[in-house]
Amino acid sequence: IPTLTWTDEGVRFLDQTRLPLEESYVLATTYEQVADIIVTMVVRGAPAIGVSAAYGVALGARGSQAKTPDEFAPEFDRICARLASTRPTAVNLFWAIDRMKGLFARLRASGVSMDEIRQSLLAEAHAMYDEDIAACKAMGALGGELLPDEGGVLTHCNAGALATCGYGTA
């Protein structure tokens, strides 16, 4: 089950506050809504939260009226600060925001247009999503080789699909 999915309208989140009794979804069309979704625990798990923040940055760029990267820079900083404030101890959250900051800095220095910045930030968020699923599949496969034919395994935080972008390592 994908915990979050990019759509033309915004980011569609599986509402984990309703599980296991109800499967429902929440659509975030702004970075502020993504921040609220993180705070209210609609999305949970470090990997999913990190990718959610990256998509929040992309939504913020998409919604900006800035015409140039320099004009966008103060707004970009506010977007990142708001998303960073949602979970002050979330390592993946800060990793994703820092990755988006690094990309924006490189793009801004290279003199690209705002349209290119918007496209690149979204592409980076998509890459993080794809990387999470690929990493989970690889870890699951490697771990699976270590399991005995009989027996059980107790998994902990971030091992299941709900904590990630929808695959999980368990």
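Look up: the structure comes first, before these words.
Within each chain, residue numbers correspond to sequence positions counted from 1 in written order. Where totals are concerned, whole chains, interfaces and linings use all residues; where local detail is concerned, this predicted model gives features only for residues with pLDDT of at least 70, and gives and counts side-chain atom pairs only at 80 or more. Just so you know, side-chain values use all the structure's heavy atoms and leave hydrogens and water out.

(A) Representation of the overall build of the protein in the model. Only DSSP runs of H or I with at least four residues qualify as helices, and only runs of E with at least two residues qualify as strands; both kinds are numbered from the N terminus onward. Of regular secondary structure, the protein possesses 5 helices and 3 strands. Along the protein, from the amino end to the carboxyl end, the secondary structure elements read β-β-β-α-α-α-α-α. Dimensions of the protein, computed from C-alpha atoms along their principal axes, come out at roughly 60 × 35 × 30 Å. In the protein, which comprises 170 residues, the share counted as buried stands at 43%. The contact criterion used throughout is that any non-hydrogen atoms of two residues lie within 4.5 Å. A sequence separation of at least 24 residues applies to 62% of the contacts in the protein between residues at least 6 apart. Surface exposure here means Shrake-Rupley accessible area, sampled with a 1.4 Å probe, where a residue is shielded only by the protein chains that are shown. Carbon and sulfur atoms form 56% of the exposed surface of the protein, whose accessible area is close to 9,000 Å². The convention is simple: Lys and Arg are positive, Asp and Glu are negative, and His and the chain ends are not counted. By convention, charge coordinates are those of NZ in Lys, CZ in Arg, CG in Asp, or CD in Glu. Separation of charge centres in the protein, based on 14 positive and 21 negative side chains, amounts to 6 Å. For every residue, the accessible area (1.4 Å probe, protein chains only) is compared with the maximum for its type, and the residue is labelled buried under 20%, exposed over 50%, or partly exposed between those bounds.

(B) Inspection of the nonpolar core at higher detail. Side-chain atoms within 4.5 Å are what join buried Ala, Val, Leu, Ile, Met, Phe, Trp, Tyr and Cys residues into a set we call a nonpolar core. Counting residues in hydrophobic clusters, the biggest one holds 46 residues, and the most contacted among them are Leu 4, Phe 13, Tyr 55, Val 57, Phe 72 and Leu 121. Among the elements that make up this core, the one with the highest residue count is helix H2 (residues 46-63) (9 residues). Each residue touching Phe 13, except ones within four places of it in the same chain, is listed here: Thr 3, Leu 4, Ser 24, Tyr 25, Val 26, Ala 28, Val 34, Ile 37, Val 42, Val 43 and Ser 52.

(C) Region of the structure containing the packing of helix H3 (residues 69-84) against helix H5 (residues 114-144). One can describe the packing of H3 onto H5 by two numbers: an axis separation of 10 Å at closest approach and a directional angle of 40 degrees. On the basis of their axis angle, the class for H3 and H5 is oblique. Crossing of H3 against H5: the hand is right-handed. Residues Pro 69, Phe 72 and Phe 76 of H3 form the contact with H5, whose participating residues are Met 114, Ile 117 and Leu 121. Ten residues, namely Ala, Val, Leu, Ile, Met, Phe, Trp, Tyr, Cys and Pro, are considered nonpolar, four, namely Asp, Glu, Lys and Arg, are considered charged, and the remaining ones, Gly among them, are considered polar. Its residues assigned to classes, the contact of H3 with H5 comprises 6 nonpolar, no polar and no charged. For every element, the axis is a line fit to its C-alpha atoms; helices are fit only across the contacting stretch, and the angle between N-to-C directions ranges from 0 to 180 degrees. Should an angle lie under 35 degrees it is considered roughly parallel, over 145 roughly antiparallel, and from 65 to 115 roughly perpendicular; all remaining angles are considered oblique. Crossing handedness is read from the near helix: turned anticlockwise from the far helix by less than a right angle, it gives a left-handed crossing, and turned clockwise, a right-handed one.

(D) How the structure looks around the sheet that holds strand S3 (residues 25-28). Pairing between strands is defined by DSSP: at least two bridges between the two strands are required. Pairing is antiparallel in the open sheet, where 3 strands are placed in the order S1-S2-S3. The two strands at the open ends of the sheet, each matched to only one other strand, are strand S1 (4-6) and S3. Between one strand axis and the next, the sheet turns by 20 degrees as a mean value, whatever way the strands run. As paired elements, S1 and strand S2 (residues 11-14) share 3 bridges and run antiparallel to each other. Within the sheet, the bridge partner assigned to Leu 4 lies in S2 and is Phe 13. Contacting S1, S2 and S3, H2 runs over the sheet at an angle of about 30 degrees to S1.

(E) Fine view of the pattern of salt bridges. A pair is scored as a salt bridge if a Lys or Arg side-chain nitrogen falls within 4 Å of a carboxyl oxygen belonging to Asp or Glu. The tally for this structure, following the rule as stated, stands at 7 salt bridges. The residue Arg 108 makes a salt bridge to Asp 70 at a minimum N-O spacing of 2.8 Å. Of this pair, Arg 108 sits in helix H4 (residues 91-110) while Asp 70 sits in helix H3, and the two are 38 residues apart along the sequence. Owing to a relative accessible area of 53%, Asp 70 belongs among the exposed residues under this scheme. With a shortest N-O distance of 3.5 Å, Asp 115 and Arg 118 are connected by a salt bridge. With Asp 115 and Arg 118 both in helix H5 and 3 residues apart, the pair spans about one turn of that helix. Taken together, the salt bridges that share partners define one network made up of Asp 15, Arg 18 and Glu 22.

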